[in-house]
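Here are the chains, one letter per residue:
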Amino acid sequence: AEKIRNARVYDVAKKTPLEPAPGLSERLGNRVLLKREDLQPVFSFKLRGAYNKIAQLDDTQREKGVIAASAGNHAQGVALSAQRLGLNAVIVMPKTTPDIKVHSVEQMGGEVILHGNAYDDAYEHAIKVAEQRSMTFIHPYDDPDVIAGQGTVAMEILEQHPLLSKQPIHAIFVPVGGGGLIAGIASYVKTLHPEIKVIGVEPEDAPCMHAALAANERVVLDQVGIFADGVAVRQAGKEPFRIAREAVDEVILVK
């Protein structure tokens with residue numbers, strides 16, 4: 001929780017609103033609030049973790065620049081953070097990445113390398129390039145500083161909620177890919193309010209955290225569906241899994 005409180009995210013990220021969802025609330029017979037991370041400068045929470053990690057690099061690391069592998073939001077988060085801090089950024093993206101995402105990274109000053117057909121191929125190539133060029137690899141979720149940056153979402157939720165409702169929060173539902181967001185949220189929420197349930201939500205065809213918790217160890221899925229490409233991850237991160245085992249109440253699967 002301390003790491004989250006001290007996270008440096010607000011140089012680039014903004015505090016996003018927590019808003020009632022009237023239609024959804026009525027349909028479900030429950031008061032549902034949405035945390036509007038789609039209103040971030042790169043339309044996603046990924047900016048928080050990327051910036052918090054990059055802002056803490058030393059001068060030698062900054063000089064060499066940063067590298068990431070991503071088909072989407074993490075790529076833009078790293079590129080924007082690096083641009084803001086005046087560093088070089090290389091983003092390795094699968095060849096299947098839509099042009100619009102490639103261009104948006106380039107517009108933020110990132111150098112794009114297209115490699116492989118899926119995230120795993122891009123990831124392996126990025127690790128090689130990182131070694132060749134002595135760049136710092138910025139992991140999308142398996143890194144304590146990245147997790148701490150994402151955890152600021154929970155800090156805001158707990159600050160904003162009392163202004164909207166006198167009822168306590170019963171549960172926070174968090175989408176799960178590699179687990180960085182839910183690890184940050186769960187560790188912060190459980191430290192302050194252990195009674196609030198933290199529930200992960202994964203697609204049925206990409207249930208990496210659900211499978212890991214069931215097996216009590218990280219498993220590698222044979223394949224994942226890419227309909228929700230942002231959470232199409234074959235193996236949960238090591239650090240997110242460690243935290244999830246202690247702090248996440250359950251993970252549910254959706255069609």
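Heads up: these notes are all about the structure in this document. (Residues numbered from 1 in each chain as written. Predicted model: local features only at pLDDT ≥ 70, side-chain atom pairs only at ≥ 80, totals over all residues. Heavy atoms only, no water.)

Burial of strand 7 (residues 171–175) is one-sided: the residues Ile-172 and Val-174 facing one way are buried, the residues Ala-171, Phe-173 and Pro-175 facing the other way are not. Tracing the backbone out of strand 7, into helix 9 (residues 180–192) and back to the parallel element strand 8 (residues 197–203) gives a crossover that is right-handed. (Buried < 20%, exposed > 50% of the residue type's maximum accessible area, 1.4 Å probe, protein only. Helix = DSSP H or I, 4+ residues; strand = E, 2+ residues; numbered from the N terminus. Right-handed = clockwise from strand over helix to strand, strands pointing away.)

So, about helix 11 (residues 238–247). Among all positions of helix 11, only Pro-240, Phe-241, Ile-243, Ala-244 and Ala-247 are buried. For helix 11, the arc enclosing every buried residue in end-on projection is 170°, short of the 170-degree limit, so these residues lie on one face. Residues of helix 11 that are exposed and point over 90 degrees away from its buried face: Lys-238 and Glu-246. In this fold, the buried residues of helix 11 make contact with helix 8 (144–164), helix 9, strand 8 and helix 10 (208–215). (Arc of directions from axis to C-beta. Contact = heavy atoms within 4.5 Å.)

Before going further, it helps to examine the pairing of strand 4 (residues 89–93). For strand 4, a buried count of five out of five residues is recorded, marking the element as mostly surrounded by other parts of the structure. Residues Ala-89, Ile-91 and Met-93 point to one face of strand 4 and Val-90 and Val-92 to the other, with burial holding for every one of them. The sheet contact formed by strand 3 (residues 66–69) and strand 4 spans four bridges and is parallel. Each bridged residue has a counterpart across the sheet, and for Val-66 the counterpart in strand 4 is Ala-89. Following the backbone out of strand 3, through helix 5 (residues 73–85) and into the adjacent parallel strand 4, one traces a crossover that is right-handed. Here strand 4 runs beside strand 5 (residues 111–114); their pairing, made up of four bridges, is parallel. (Pairing = 2+ DSSP bridges.)

So, about the sheet that holds strand 9 (residues 250–254). If you walk across this open sheet you meet the three strands as 7-8-9, and the pairing is parallel. Each end of this open sheet is capped by a strand with a single partner; those strands are strand 7 and strand 9. Each neighbouring strand pair of the sheet contributes to a mean axis angle of 30°, computed without reference to strand direction. Relative to strand 8, strand 7 is paired through five bridges, and the arrangement is parallel. Bridging across to strand 8, Pro-175 finds its partner in Val-201. In this fold helix 10 packs onto strand 8 and strand 9, with an angle of close to 135° to the strand it touches most, strand 9. (Axes fitted to C-alpha atoms, helices over the stretch in contact; angles between N-to-C directions.)

A word on a nonpolar patch on the surface. The grouping of Leu-24, Leu-28 and Leu-34 at the surface amounts to a nonpolar patch, some 240 Å² of accessible area in total. Note that Leu-28 resides in helix 2 (residues 22–28). (Patch = residues over 30% accessible without salt bridge, like charges linked within 9 Å, V, L, I, M, F, W, Y side chains within 5 Å. Areas by Shrake-Rupley, 256 points an atom, 1.4 Å probe, with all protein chains shown as cover. Salt bridge = Lys/Arg side-chain N within 4 Å of Asp/Glu carboxyl O.)

Next up on the list: the sheet that holds strand 6 (residues 136–137). Sheet architecture is open: four strands sit in the order 5-4-3-6, paired in parallel fashion. Only two strands of the sheet have a single neighbouring strand rather than two, namely strand 5 and strand 6. As judged from the two bridges shared by strand 3 and strand 6, these two strands associate in the parallel manner. Bridged to Ile-67 within strand 6 is Phe-137. Sitting on the sheet, helix 5 is in contact with strand 3 and strand 4, with an inclination near 170° to strand 4. Its contacts with the sheet put helix 7 (residues 119–133) on strand 3, strand 4, strand 5 and strand 6, and the angle it makes with strand 3 is roughly 165°.

As a packed pair, helix 8 and helix 9 sit with axes 7 Å apart at the nearest point and diverge in direction by 50°. When the axes of helix 8 and helix 9 are compared, the pair comes out oblique. Handedness of the crossing formed by helix 8 with helix 9: right-handed. The residues of helix 9 that touch helix 8, namely those facing Ile-147, Gln-150, Gly-151, Val-153, Ala-154, Met-155 and Leu-158, are Gly-180, Leu-181, Ala-183, Gly-184, Ile-185, Tyr-188, Val-189 and Leu-192. Its residues assigned to classes, the contact of helix 8 with helix 9 comprises eleven nonpolar, four polar and no charged. (Parallel < 35°, antiparallel > 145°, perpendicular 65-115°, else oblique. Left-handed = near helix turned anticlockwise from the far one by under 90°. Nonpolar A, V, L, I, M, F, W, Y, C, P; charged D, E, K, R; others polar.)

So, on to the environment of Ala-71. In this fold, Ala-71 is placed in the loop between strand 3 and helix 5. Those residues in contact with Ala-71 that sit more than four places away from it in its chain are Met-93, Pro-94, Thr-97 and Lys-101.

Core analysis: the largest hydrophobic core is formed by 36 residues, its most contacted members being Ile-172, Val-174, Ile-185, Val-189, Val-198 and Met-209. Put simply, the parts of the chain that give this core at least two residues each are helix 8, strand 7, helix 9, helix 10 and helix 11. Other than its neighbours up to four places away in sequence, Met-209 contacts Val-176, Gly-178, Gly-179, Glu-202, Ala-236, Pro-240, Phe-241, Ala-244 and Val-251. Val-9, Ala-75, Ala-79 and Val-112 belong to the second largest nonpolar core, which has 28 residues in total. (Core = buried A, V, L, I, M, F, W, Y, C linked by side-chain atoms within 4.5 Å.)

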